[in-house]
Amino acid sequence: MTGFSTDWLALRESADHRSRNSNVADALQAHFGLRDTLRIVDLGSGTGSNLRGTADLLPTHQQWTLVDYDAALLSSARTALADWADSAQSVGENMQLKKGHLNLEVTFKVADLANDLDAALGETPDLVTASAFFDLVSPAAIGKIAQAVTKRRAAFCTVLTYNGIQQWVPRHPSDSALVSAYHHHQRSDKGFGPAAGPTAPAILADRFTASGYRVLEGDSPWNLKAPSDAALINELSRGYVRAVGEAGKVDAAAIEKWGARSITGSVVGHTDTLAFPGHNVFMDDPEDDDDDEVI
Ligand SMILES: C[S@@+](CC[C@H](N)C(=O)[O-])C[C@H]1O[C@@H](n2cnc3c(N)ncnc32)[C@H](O)[C@@H]1O
């Protein structure tokens, strides 16, 4: 298991929500604007941050399935969702939430997406989503997930996929050596085979385009500044130093020096990716032999 903690996911949630790309969010909202009800599957849901960040963009009645292989995170999701909603009720294993004008039914599914993808997706999702997930996934598994989504003709929206941009304030002479080592670590196996890491956004766009989907991408970087983001910057730099150490490409003394100063800011590049089933832009009108109509 990749071992993400409830505390880490809670610490990053507000930065994640404010960093989302507004063009991608607007296009997602517009796509389902005429619907009343939507079935959504969230891959690698953790404690449900993506539901909390996306629900406002979607129709009034939403049926969410949160999928994660970490049962403890799904259990924390129940608490976090009950705290977030205006009212929450347990209905068997599911939850019924009200938030403003929204009615949400939430199902929790413990499943390893490396092995149980079809069962996790179910047969008829309208939308498959994820947040901060796809850089953990291998290129081959991204292809399989894209295939499973496009086979179901579902829309797809994933936010906050790491795209390789990594800057720290103040700069340090070892920055580039550490970033290279970090990217080696990013490409290590996180349960799906060697991970796509920072190449994940490009692979997602490629696989969905190849399946005839229309793809829209937008940047969603974290722009973190102390003092307001100090706790997240500290935790982020600690994890960064740990990952660089595990990569074994930079000597320990250099890593220690890099981590010893006070870090006051960080930019972490992410990409949001939206993909819709393609359709013909020209439609034959049986009443009209001459012209195609642009829709
Ligand atoms: C960085 S966390 C993101 C969590 C959540 N989407 C968010 O934005 O807060 C990645 C999540 O993917 C889950 N995950 C990783 N590999 C998985 C797998 N093979 N099957 C199911 N879930 C997985 C982890 O347990 C974790 O909850």
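Parameters and conventions
- Residues numbered from 1 in each chain as written.
- Predicted model: local features only at pLDDT ≥ 70, side-chain atom pairs only at ≥ 80, totals over all residues.
- Heavy atoms only, no water.
- Helix = DSSP H or I, 4+ residues; strand = E, 2+ residues; numbered from the N terminus.
- Rg over C-alpha atoms; globule rule 2.2 N^0.38 Å.
- Buried < 20%, exposed > 50% of the residue type's maximum accessible area, 1.4 Å probe, protein only.
- Contact = heavy atoms within 4.5 Å.
- Near = heavy atom within 4 Å.
- Polar contact = N/O pair within 3.5 Å; in protein donor to acceptor, adjacent residues only side chain to side chain.
- Areas by Shrake-Rupley, 256 points an atom, 1.4 Å probe, with all protein chains shown as cover.
- Axes fitted to C-alpha atoms, helices over the stretch in contact; angles between N-to-C directions.
- Left-handed = near helix turned anticlockwise from the far one by under 90°.
- Nonpolar A, V, L, I, M, F, W, Y, C, P; charged D, E, K, R; others polar.
- Pairing = 2+ DSSP bridges.

With that out of the way, let us pick up the overall build of the protein chain. Scanning the protein chain from N- to C-terminus turns up 10 helices and 12 strands. Its C-alpha atoms give the protein chain a radius of gyration of 20 Å, near enough to 19 Å, the size a compact globule of 295 residues would have. Considering only C-alpha atoms, the protein chain reaches an extent of 75 × 50 × 35 Å along its principal axes. Split into buried and exposed, the 295 residues of the protein chain put 49% on the buried side. Sequence separation of at least 24 residues holds for 76% of the intrachain contacts in the protein chain that already meet a minimum separation of 6.

This brings us to the site of the ligand. Within the structure, the ligand sits among 20 residues, and Gly44, Asp68, Asp112, Leu113 and Ser131 are positioned closest to it. Gly46 places a polar main-chain atom, nitrogen or oxygen, 3.5 Å from an oxygen atom of the ligand. In this structure, Asp68 approaches the ligand through a side-chain N or O atom, which is 2.6 Å from an oxygen atom. Taking 590 Å² as the accessible area of the ligand by itself, protein coverage stands at 99%.

A few words now on the packing of helix H6 (residues 139-151) against helix H8 (residues 200-210). Here H6 crosses H8 at 40°, and the two axes come no closer than 9 Å. In this structure, H6 meets H8 at a crossing whose hand is right-handed. Where H6 approaches H8, its residues Pro139, Ile142, Gly143, Ala146, Val149 and Thr150 are matched on the opposing element by Ala200, Ile203, Leu204, Arg207 and Phe208. Residue composition of the contact of H6 with H8, by class: eight nonpolar, two polar and one charged.

Here the focus is the pairing of strand E7 (residues 155-169). Among the 15 residues that make up E7, 11 are buried, leaving the element largely enclosed by the rest of the structure. Sheet analysis places E7 next to strand E10 (residues 265-277), joined by nine bridges and oriented antiparallel. Pairing of Gln166 across the sheet is with Val268, part of E10.

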